[in-house]
Amino acid sequence: MAKLHERTLIEEIDEASDPTRFDSDLAKVLIAHNNDPEEFLRTVVGFVDRKTRFFKQSDASRRLVRLVDSVSPATSSGKGGVKGGFFGKVSERDVNAASKENAGSAANAPATASARKPELAADHPATPEEAKPSEPMASPESSKDNTASSEQAPEVEEVPDASEGQGLKPNRGNGADLESYSWTQTLSEVTVSVPVPSGTKGKMCDVVISKDKLKVGVKGQAPVLNGELHDQVKPEDCFWNISDGKLVEITLQKVNTMSWWKSIIKGENEINTQKVEPENSKLEDLDGDTRQTVEKMMFDQRQKQMGLPTSEESNKQDMLKKFMAAHPEMDFSNAKIS
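The following refers to the structure shown.

What counts, and where the lines are drawn
- Along each chain, residue indices are assigned from 1 in the same order as the chain's sequence is written.
- Local features in this predicted model are restricted to residues whose pLDDT is 70 or higher, and side-chain atom pairs enter the listing and the counts only when it is 80 or higher, whereas totals over whole chains, interfaces and linings include all residues.
- Values shown for side chains rest on all heavy atoms present in the structure; no hydrogens or waters enter the calculation.
- In this description a helix means any DSSP run of H or I spanning at least four residues, a strand means any run of E spanning at least two, and both kinds are numbered starting from the N terminus.
- Classification of residues uses two cut-offs on accessible area relative to the type maximum, computed with a 1.4 Å probe and protein chains only: under 20% is buried, over 50% is exposed, and between them is partly exposed.
- Whether two residues are in contact is decided by their heavy atoms, any of which lying within 4.5 Å being enough.
- The Shrake-Rupley method, run with a 1.4 Å probe, gives the accessible areas here. Residue values count only the displayed protein chains as cover.
- Stacked, tilted and edge-to-face are the three classes assigned to paired rings of Phe, Tyr and Trp, where Trp is represented by its six-membered ring and a pair needs centres within 6.5 Å; plane angles under 30 degrees give stacked, over 60 edge-to-face, the rest tilted.
- Strand pairing is defined by DSSP finding a minimum of two bridges between the two strands.
- To obtain each axis, a line is fitted to C-alpha atoms, and for helices this fit is confined to the stretch in contact; angles are then taken between N-to-C directions over 0 to 180 degrees.
- We call a set of buried Ala, Val, Leu, Ile, Met, Phe, Trp, Tyr and Cys residues a nonpolar core when their side-chain atoms join them within 4.5 Å.
- The span one expects for a helix is its residue count, reduced by one, times 1.5 Å.

Examining the overall build of the chain
Now for step 1: Looking only at helices and strands, the chain has eleven helices and eight strands in total.
Now for step 2: Looking at the chain as a whole, 23% of its 338 residues are labelled buried.
Now for step 3: Put simply, 50% of the contacts in the chain that link residues at least 6 apart link residues at least 24 apart.
Now for step 4: Accessible surface, the chain as shown: approximately 23,300 Å² in total, 53% of it carbon and sulfur.

Put into C-alpha cells, the structure is as follows:
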C-alpha cells in the first residue's frame, strides 16, 4: 500500500512538471487569436507585464532572450533542424501539409502566407522572395533587438502599474502643491494653505466650513475652493487664520482618522495615497490600537511597493503551510489563496 501511495505521488510530481499540461488551455487562447503566434505571444507578454514586475527588472531583456533560447535552441542558434527547438514537436507530414497549404494560399493571400513563414523557416529553405523578410528571424541579434523593442513599448506608453496606485506624487506633507493652493495632512487633520493678496484682513475673507463642504476665497472674488470635501470633518474643531497677511490657513479635523485623503475637494487632482510617507516620530502620539493599525498600514504599503505579500496575505500563507503540514496525505498542488 505504501509503494502504491509512493508511486502515486511520483506520478503527481511528474504530471505537475509536465510542460504540456496547459496545452489544452493555451490551444484555446491561440485559436482565439486566429492561430497567429505573434499576437498570441503579444497577449502573453502583455499579461506578464501587467500582472508581474518582470519587465521592471534591469536584466529583463537578457533573461527573456535566454528563456527563448532554452525553450527553442533551433530558433536561436539555427541548429537542430526538424529535431530541435519548437519544430522538434512537428511531424514531417504536418510540416509538408503546412507547406502545401502555405504555397496554395500564397497567390490568394500574400499577407497570410508571409505571416506563417517564420513557423516553417527552420524546416524549409526560403525561396529568394521569402529569404529577405525571414532573415531577421534567423539572427539572434535581431531577436534581441525585437525583444528590446517590445519591452520598451509599455515604457513609451507609460502604462501605470495598478499595484502602485495612480495619482500625483504626494508632497513632503503627504498632500499636494497645486496651482491655486496647497495642502498637507496627517491621519487626524488636514491643513489647507490658500494664497491671497498681500495685506488681506480676516474680515475680507469668505471661509465657510461644514461637515462635508468647504468654501475659501476673498469677498467679491470667485472662491478658490468651493465644493464637497473628500471626507467628512468635525466643523466644531476646525479653524482658520491669516498668516502674514498673504495666506489663509485652514485646519480641518477628520472624522475618519484611519485613512488618507486623496484630495481636498472631490473631483480635483488626486494624490497617490500608496506613496504617502507618514513621519514615524508622530506614531508615539497615537494610542496603542491606532498606532498598531498605522504601523500595519505602513508595512503593507512598503510590501506592495516591493511586490511582496501584505500582512494579511502572509497570514493566509502561514495558515495554509500549517494545514499542509498537518495533512500530508492531501494534495495541495492546485490550492489557491483568495
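Topic: the packing of aromatic side chains
Now for step 1: For the structure on display, the rule yields one aromatic pair.
Now for step 2: Each ring, one from Phe 54 and one from Phe 55, has its centre 5.1 Å from the other, and the planes form 85°; the classification is edge-to-face. Considered together, Phe 54 and Phe 55 belong to a single accessibility category, that of buried residues.

Some thoughts on the sheet that holds strand E5 (residues 213–218)
Strand pairing in a sheet takes place through backbone hydrogen bonds and is either antiparallel or parallel in direction.
Now for step 1: Strand order across the open sheet formed by three strands is E4-E5-E6, with antiparallel pairing between neighbours. The open sheet has two edge strands, strand E4 (205–209) and strand E6 (225–228), and neither has a second partner. Pairwise comparison of adjacent strand axes, ignoring direction, gives a mean angle of 5° for this sheet.
Now for step 2: In the sheet, E4 pairs with E5 via five bridges, with the strands oriented antiparallel. Directly across from Cys 205, in E5, lies its bridge partner Val 218.

What about the sheet that holds strand E8 (residues 247–253)?
Now for step 1: Read from one edge to the other, the open sheet built from five strands follows the order E1-E2-E3-E8-E7, with strand pairing classed as antiparallel. The open sheet has two free edges, formed respectively by strand E1 (176–177) and strand E7 (239–243), since each of these has just one partner strand.
Now for step 2: Two strands pair when backbone bridges link them, and E1 and strand E2 (residues 182–185) are joined in this way by two bridges, in the antiparallel orientation. Note that in E2 the partner of Asp 177 across the bridge is Ser 182.

Some remarks on the pairing of E8
Now for step 1: The buried fraction of E8 amounts to five of the seven residues, a majority that puts the element mostly inside the structure.
Now for step 2: In terms of strand pairing, E7 meets E8 through five bridges, oriented antiparallel. The residue of E8 that forms the bridge with Ile 242 is Val 248.
Now for step 3: Between E7 and the antiparallel strand that follows it, E8, lie three residues; Asp 244 among them carries a positive phi value of about 60°.

Points about the nonpolar core
Now for step 1: The biggest cluster of nonpolar side chains holds 28 residues, and the ones touching the most others in it are Trp 183, Val 192, Leu 214, Ile 250, Leu 252 and Ile 264.
Now for step 2: Looking at this core, the elements with two or more residues in it are strand E3 (189–195), E4, E5, E8 and helix H10 (288–305).
Now for step 3: Excluding residues that lie within four positions of it along the chain, Leu 252 makes contacts with Ser 188, Glu 189, Val 190, Ile 209, Leu 214, Leu 229, Val 233, Cys 238 and Trp 261.

Quick look at unusual backbone geometry
Now for step 1: Even without a glycine there, the phi angle at Asn 174 is positive, about 65°.
Now for step 2: Here Asn 174 is to be found in the loop between helix H9 (140–157) and E1.
Now for step 3: A positive phi angle, close to 60°, is found at Asp 244, a residue other than glycine.
Now for step 4: Here Asp 244 shows up in the loop between E7 and E8.

Digging into the environment of Ala 176
Now for step 1: Following the sequence through the fold, Ala 176 ends up in strand E1.
Now for step 2: With relative accessibility at 3%, the residue Ala 176 sits in the buried group.
Now for step 3: Dropping the residues within four chain positions of it, Ala 176 is found in contact with Asn 171, Tyr 181, Ser 182, Trp 183 and Ile 271.

Some details on the environment of Gly 217
Now for step 1: Looking at the element boundaries, Gly 217 is found in strand E5.
Now for step 2: Classification of Gly 217 by relative accessible area gives buried; the value is 6%.
Now for step 3: Sequence-wise, Gly 217 and Val 196 are 21 residues apart; in three dimensions their C-alpha atoms are separated by 8.0 Å.

Details of H10
Residues spaced three or four apart along an α-helix point in a common direction, a consequence of the helix completing one turn every 3.6 residues.
Now for step 1: In this model, H10 (18 residues) spans 26 Å end to end at C-alpha, consistent with the 26 Å of a helix rising 1.5 Å per residue.
Now for step 2: Taken together, the buried positions of H10 are occupied by Thr 290, Val 294, Met 298, Asp 300, Gln 301 and Gln 303.
Now for step 3: Looking at the packing, one finds that the buried side of H10 touches helix H11 (311–326).
Now for step 4: Once H10 finishes, Gly 307 follows within two positions and takes phi at roughly 75°, a positive value.

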